[in-house]
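What the coordinates show
Next come the chains, spelled out residue by residue.
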Amino acid sequence: GKTGIEKKYDTTLTGKDGLLIEIVDSLGRSKERIQNRPPISGNKIELTLDFDMQQKCEELLDGREGAIVVLDPRNGEVLAMASYPDYDPNRFINRFTPNEWFELVNSTDYPLENRAIRGLYSPGSTFKPAMLAAALDSKTITERTSFFCSGSIKIYGNDFLCWNRGGHGSVNVYESIQNSCNIYFYQLGKIMRIELISEYARKFGFGQKTGIDLPEEKSGIVPDPDWKMITTNIPWYPGETISVSIGQGPFLVTPLQLAVYTSLIANRGKKVLPRLVSRN
């Protein structure tokens, strides 16, 4: 196994070679068998994937760059995981010509990348429930806290817009999620500051590998002042926090991390370990 599940479980799937030692004549005919040890088959594994669901996800992605992850929040079983553009693994059975290999590895579509565990994307508004939970848990706000949304707001001398240019008016805690109001979360971000936001983002599993039974998973990026200084040698600016508060800016996650984070919310705080191989 060179990649994926086959690489992760290579020692489980690989059996033991057999051995045959015999004496043959000049024509290659067997005259005496000295030792014969039959090969031993490797163990089998059973995937958690739902065939019909996996097939449907691949159909939905056909021709579109992206990834789909379907996770059972009760036990962490991955019911479907699709990434596109992809490649035909059957091509690896026979020898590649040099041109065919370089065409695959140098493709600007990056078909060899599993975007579900290695693609890094801004979480956007999916991060808003984590922001709200962090603000409530840290007692930055209460359930009665409201902010006014006029469609735009000036913070640190810059204009930040809501997706609803007409504004939402007075927005309470519940309406902030119901309406996905950017202005509400901009103001949360200003009060909380990046250090508190990044602390809670990590508590929700961002910025670290999920631990799925696949190799080469990426950790994503949870930005903070230390991270920015190390990577760019430039200090963190308060205005950057406002973008992070709605899941934008240098905040990057994988689709699998989002699925695990969603299951954490569905389970009311109970975290699951995603897996592709059944325990049965």
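The structure this text deals with has already been given above.
A few points on the structure. (Residues numbered from 1 in each chain as written. Predicted model: local features only at pLDDT ≥ 70, side-chain atom pairs only at ≥ 80, totals over all residues. Heavy atoms only, no water.)

On to the pairing of strand β6 (residues 152-155). Judged by which residues are buried, β6 turns out to be one-sided: Ile-153 and Ile-155 face inward and are buried, whereas Ser-152 and Lys-154, on the alternate face, are not. Of the pairings in the sheet, the one linking β6 to strand β7 (residues 158-161) comprises four bridges and is antiparallel in character. Across the sheet, residue Ile-155 finds its bridge partner in β7, namely Asn-158. The antiparallel pairing of β6 with β7 creates a hairpin that spans two residues between the two strands, and Tyr-156 there sits at a positive phi of about 55°. (Buried < 20%, exposed > 50% of the residue type's maximum accessible area, 1.4 Å probe, protein only. Helix = DSSP H or I, 4+ residues; strand = E, 2+ residues; numbered from the N terminus. Pairing = 2+ DSSP bridges.)

Within the structure shown, the criterion is met by eleven salt bridges. We note a salt bridge from Asp-72 to Arg-74, for which the minimum N-O separation is 2.8 Å. Exposure remark for Asp-72: the relative accessible area of 8% places this residue in the buried category. Between Glu-240 and Lys-228 there is a salt bridge, and its shortest N-O distance comes to 2.8 Å. With Glu-240 in helix α10 (residues 238-244) and Lys-228 in helix α9 (residues 225-232), this pair connects stretches of sequence that are twelve residues apart. Exposure remark for Lys-228: the relative accessible area of 9% places this residue in the buried category. (Salt bridge = Lys/Arg side-chain N within 4 Å of Asp/Glu carboxyl O.)

Below, the discussion takes up unusual backbone geometry. Of the consecutive residues Tyr-84 and Pro-85, the connecting peptide bond is found in the cis state with omega at 5°. Note that Pro-85 resides in the loop between β4 (78-84) and α4 (98-105). Positive phi values are uncommon outside glycine, yet Tyr-110 reaches one of about 50°. Structurally, the position occupied by Tyr-110 is in the loop between α4 and α5 (115-118). Look at Asn-233: it is not a glycine, yet its phi comes out positive at around 60°. Within the secondary structure, Asn-233 sits in the loop between α9 and α10.

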